[in-house]
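# Remarks on the overall topology
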Amino acid sequence: MINLGPLRLNYHGWENFYLLFSLTLTVGMVAPLEERPLQHHFRNYEIKNKTLQVPSFDDIISPLQARLEEHFKFVNVSVVNCPDFTHPPASLAAPGISGTRRVVAQQGGVRYMMPYPMEPMPTYSLVHFAQSVGFKDGAHIIGAGQGPVSIIGAFAESVPNLYYSRDKVTNRTKVIHGTRLIKMKRKSDITIEYDDTGVQSILSDLYITEGKQDKVLKVTAKKRLNDGGKNFIVIIRKLLSELGTANSSAMGGVFFTRGGNLKLHTVPEKFGERKDTSDKVKQWLYVYEGEGVMTCLTTFFSKDLENWDFRLDHTHCYSDQGKGGHYWEDTQPDRIEYEGYFNFATHAIRADQPKLEKIKIASELTRN
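Residues numbered from 1 in each chain as written. Predicted model: local features only at pLDDT ≥ 70, side-chain atom pairs only at ≥ 80, totals over all residues. Heavy atoms only, no water.

Regarding its fold elements, the chain presents seven helices and 23 strands. Looking at the chain as a whole, 57% of its 368 residues qualify as buried. Within the chain, residue pairs in contact and separated by at least 24 positions form 79% of the contacts whose partners lie at least 6 positions apart. Surface exposure of the chain reaches about 15000 Å², of which carbon and sulfur atoms provide 49%. (Helix = DSSP H or I, 4+ residues; strand = E, 2+ residues; numbered from the N terminus. Buried < 20%, exposed > 50% of the residue type's maximum accessible area, 1.4 Å probe, protein only. Contact = heavy atoms within 4.5 Å. Areas by Shrake-Rupley, 256 points an atom, 1.4 Å probe, with all protein chains shown as cover.)

Membership of the largest hydrophobic core comes to 59 residues, with the highest contact counts inside it found for L64, L68, F85, L217, F232, L262 and F342. The next biggest cluster of nonpolar side chains, apart from the first, holds 17 residues, and it includes A130, V133, F135 and I349. (Core = buried A, V, L, I, M, F, W, Y, C linked by side-chain atoms within 4.5 Å.)

What follows deals with helix α5 (residues 232-243). Compared with an ideal rise of 1.5 Å per residue, which puts twelve residues at 16 Å, α5 spans 17 Å between its outermost C-alpha atoms and is within 8% of the ideal. All buried positions along α5 are accounted for by F232, I233, V234, I235, I236, R237, L239 and L240. By the N-cap criterion, in which a side-chain oxygen at the helix start approaches the backbone nitrogen of a residue two or three places on, α5 is capped by N231, the distance to I233 being 3.1 Å. (Expected span 1.5 Å × (residues − 1). Polar contact = N/O pair within 3.5 Å; in protein donor to acceptor, adjacent residues only side chain to side chain.)

The next thing to look at is unusual backbone geometry. For residues other than glycine, phi is negative in most cases, and the peptide bonds are mostly trans. Cis geometry marks the peptide bond from P88 to P89, where omega comes out at 5 degrees. The residue P89 is located in the loop between β4 (72-81) and β5 (103-108) in this model. Of note in this structure, D309 is not a glycine but carries a positive phi near 60 degrees. Counting through the fold element by element, D309 comes out in the loop between β19 (294-301) and β20 (313-319). You can call D309 partly exposed: its relative accessible area is 24%.

Right, let's talk about the packing of aromatic side chains for a bit. For the structure shown, the criterion picks out 18 aromatic pairs. Joined through ring pairs, the aromatic side chains of F72, F232, F255, F300, Y327, Y338 and F342 make up one cluster. The side chain of R180 reaches across the aromatic face of Y318, ending 3.9 Å from its centre. Positioned above the aromatic ring of F310 is the side chain of R350, whose terminal nitrogen or guanidinium carbon lies 6.0 Å from the ring centre. (Phe/Tyr/Trp six-rings, centres within 6.5 Å; stacked < 30°, edge-to-face > 60°. Lys NZ or Arg CZ within 6 Å of the ring centre and 35° of its normal.)

Attention now moves to the sheet that holds strand β21 (residues 324-330). Taken together, nine strands build an open sheet; the order of strands is β4-β15-β22-β16-β19-β20-β21-β17-β18 and the sheet is antiparallel. Unpaired on one side and paired on the other, β4 and β18 (286-290) mark the two borders of the sheet. Put simply, the sheet's adjacent strands are angled 30 degrees from each other on average, direction ignored. Pairing of β20 with β21, which is carried by three bridges, proceeds in the antiparallel orientation. What sits directly across from C317, in β21, is G325. Docked against the sheet, helix α2 (residues 57-69) engages β4, β15 (215-224), β16 (250-258) and β22 (337-344), running at close to 165 degrees with respect to β4. (Pairing = 2+ DSSP bridges. Axes fitted to C-alpha atoms, helices over the stretch in contact; angles between N-to-C directions.)

Next up on the list: the environment of P88. Within the secondary structure, P88 sits in the loop between β4 and β5. Residues P88 and D320 lie 232 residues apart in sequence; the distance between their C-alpha atoms is 9.3 Å.

These results come straight from atomic positions and should not be treated as a statement about function.
This is the structure:
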């Protein structure tokens, strides 16, 4: 492994690659999760694929400008050349969020986590998954998910950020790791660690592209005027829903916040007792205000697809102050500044959709 500051470079031969995805450990459900031997399960699962409506940027600029002006004092929506996101503060593993094929995908779901984590724990390789949905030779993967619980032995909010490419001569896969884990050992003791496992557990929402730079939608909004604008992504998502037809559209990308704080949540390392009520879920989550320049990776849909049980928006953030987590909203309207870069997805993927009976859980966790 080669260290590149916040990024880590790994080479994988196919022999190790095969072993990684063949690994399955099984133990009985006897003791609480934190007391049981660690286990992870790369298993076969159903993948659903749907081609999406891809609106023109020109069709959304004026309506989005007008909608955001209802909630912010200063707004600008435009089409620009994508900046190079490998530079700080984003420090992504690839420069862009574009390419011919652009996928918004959801793996697993909250129902694999509540009221108690499923065993064997669903575990997903980011590289293997991207290859299975059309990115054979390389892809950039960003988004929001749950860390590799069964590998690190702890729950953590994950901010996936990974780029891989395959050498066609040697058949080796080069992986640049930039995924961050937001961990909380004790209440308010929040740290960010880099994760080079390339694995997510239980659930993830991903935006997968070739990592190229191209035209993107740039959205800036400053000085929030009312409570209707607290969640920047929800405003854009709801407008897409209103503008859409019978078909769904989806976007992915990155946005930055400056000036004002964000309301975030993260989770303790240990799961503890069953979370079979909303109150228990609320007590488990640690909600706090994150400060500093935040980099936020996001996916969102205009609407669900054919009962695929999609999470309509999911955003995880990290800051230059060593804080991060799941984005709820901003908390300082007079100071907040948003700067976002987005692109439309060409395809939607639903992988390993839970078949379990749906239970009532806290909206604080699903955020739909």
